[in-house]
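# Structural description and commentary
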Amino acid sequence: METISKIELWADTHHPKWIDFVRVALGLFILYKGIIFIANTDALMQLMSNNDLQFFNLALAHYVAFAHLVGGFLIAFGLLTRFAIIFQIPILLGAVFFVNINQGFLSAANNLEFEISLIVLVLLIVFLIYGSGKFSLDHWMKNHPNW
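Now for a look at the structure at hand. It should be emphasised that the depicted structure is a prediction, and the values quoted were computed from it without experimental measurement. (Residues numbered from 1 in each chain as written. Predicted model: local features only at pLDDT ≥ 70, side-chain atom pairs only at ≥ 80, totals over all residues. Heavy atoms only, no water.)

This paragraph deals with the packing of helix 2 (residues 19–39) against helix 6 (residues 113–130). Following both chains from N to C, one finds helix 2 and helix 6 inclined at 130 degrees, their axes separated by 11 Å at the closest point. On the basis of the axis angle, helix 2 is oblique to helix 6. Crossing handedness for the pair helix 2 and helix 6: left-handed. Along its contact with helix 2, which presents I19, V22, R23, L26, F29, I30 and K33, the element helix 6 presents E113, I116, V120, L123, L124, V126 and F127. Along the lines of polarity and charge, the residues of the contact of helix 2 with helix 6 split into eleven nonpolar, no polar and three charged. (Axes fitted to C-alpha atoms, helices over the stretch in contact; angles between N-to-C directions. Helix = DSSP H or I, 4+ residues; strand = E, 2+ residues; numbered from the N terminus. Parallel < 35°, antiparallel > 145°, perpendicular 65-115°, else oblique. Left-handed = near helix turned anticlockwise from the far one by under 90°. Contact = heavy atoms within 4.5 Å. Nonpolar A, V, L, I, M, F, W, Y, C, P; charged D, E, K, R; others polar.)

The structure is reproduced here in structure tokens:
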């Protein structure tokens, strides 16, 4: 627990303000992907096509869509940012390693999905360490505990 407090203190003192705009853009992008998944559930199910685990894939598709919708909103506003990121990282790990393996990592048919998934995964890890920053609801709530 002490290590986590030290990391959080270091991140708060070394957090550049411009990175908050990257966090907002990341949250909006994840929210957008959640809306796309809701609008086109069949495409998401095709990505995870395995006839043996049809119920599991349906539950996983709902988890991905819900986590992207809620998590993208929370990350964009900087509310419970690290908590929201913890739910996003397994999705992005699956997207980078399992979904893109079937399509080929650097194939022309991949349409940059591997690269985008990898960038989003790296940004999620960065914000897991750095936190939400000064322009966030987390920071505002920390400074106004009695509101």
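Right, let's get into helix 6. Between its first and last C-alpha, helix 6 extends 25 Å over 18 residues, near the 26 Å set by a 1.5 Å rise per residue. A positive backbone phi angle near 85 degrees is found at G131, which sits one or two residues after helix 6. (Expected span 1.5 Å × (residues − 1).)

With that out of the way, let us pick up helix 2. Counted at 1.5 Å a residue, the expected span for helix 2 with its 21 residues is 30 Å, and the 30 Å between its end C-alpha atoms agrees. For helix 2, every residue scored as buried is listed here: I19, D20, R23, L26, G27, I30, G34 and F37. Projected down its long axis, helix 2 shows its buried positions confined to an angular sector of 115 degrees, all on one face. For helix 2, the exposed residues lying more than 90 degrees away from the buried face are F21 and A39. (Buried < 20%, exposed > 50% of the residue type's maximum accessible area, 1.4 Å probe, protein only. Arc of directions from axis to C-beta.)

Our next topic: the nonpolar core. Counting 20 residues, the largest nonpolar core has L26, I30, I75, I85, L92, V120 and L124 as its most contacted members. Mapped onto this core, the elements with two or more residues apiece are helix 2, helix 4 (54–77), helix 5 (81–103) and helix 6. If one sorts the elements of this core by residue count, helix 5 sits on top with six residues. Residues within four places of L92 in sequence aside, it is in contact with H68, S117, V120, L121 and L124. (Core = buried A, V, L, I, M, F, W, Y, C linked by side-chain atoms within 4.5 Å.)

A contiguous nonpolar patch, built from F73, F77, L137, W140, M141 and W147 and spanning about 700 Å² of accessible area, is present on the exposed surface. Of all the secondary structure elements, the ones that give two or more residues to the nonpolar patch are helix 4 and helix 7 (137–143). Here F77 lies in helix 4. Taking the relative accessible area as the measure of exposure, F77 reaches 44% and is therefore partly exposed. (Patch = residues over 30% accessible without salt bridge, like charges linked within 9 Å, V, L, I, M, F, W, Y side chains within 5 Å. Areas by Shrake-Rupley, 256 points an atom, 1.4 Å probe, with all protein chains shown as cover. Salt bridge = Lys/Arg side-chain N within 4 Å of Asp/Glu carboxyl O.)

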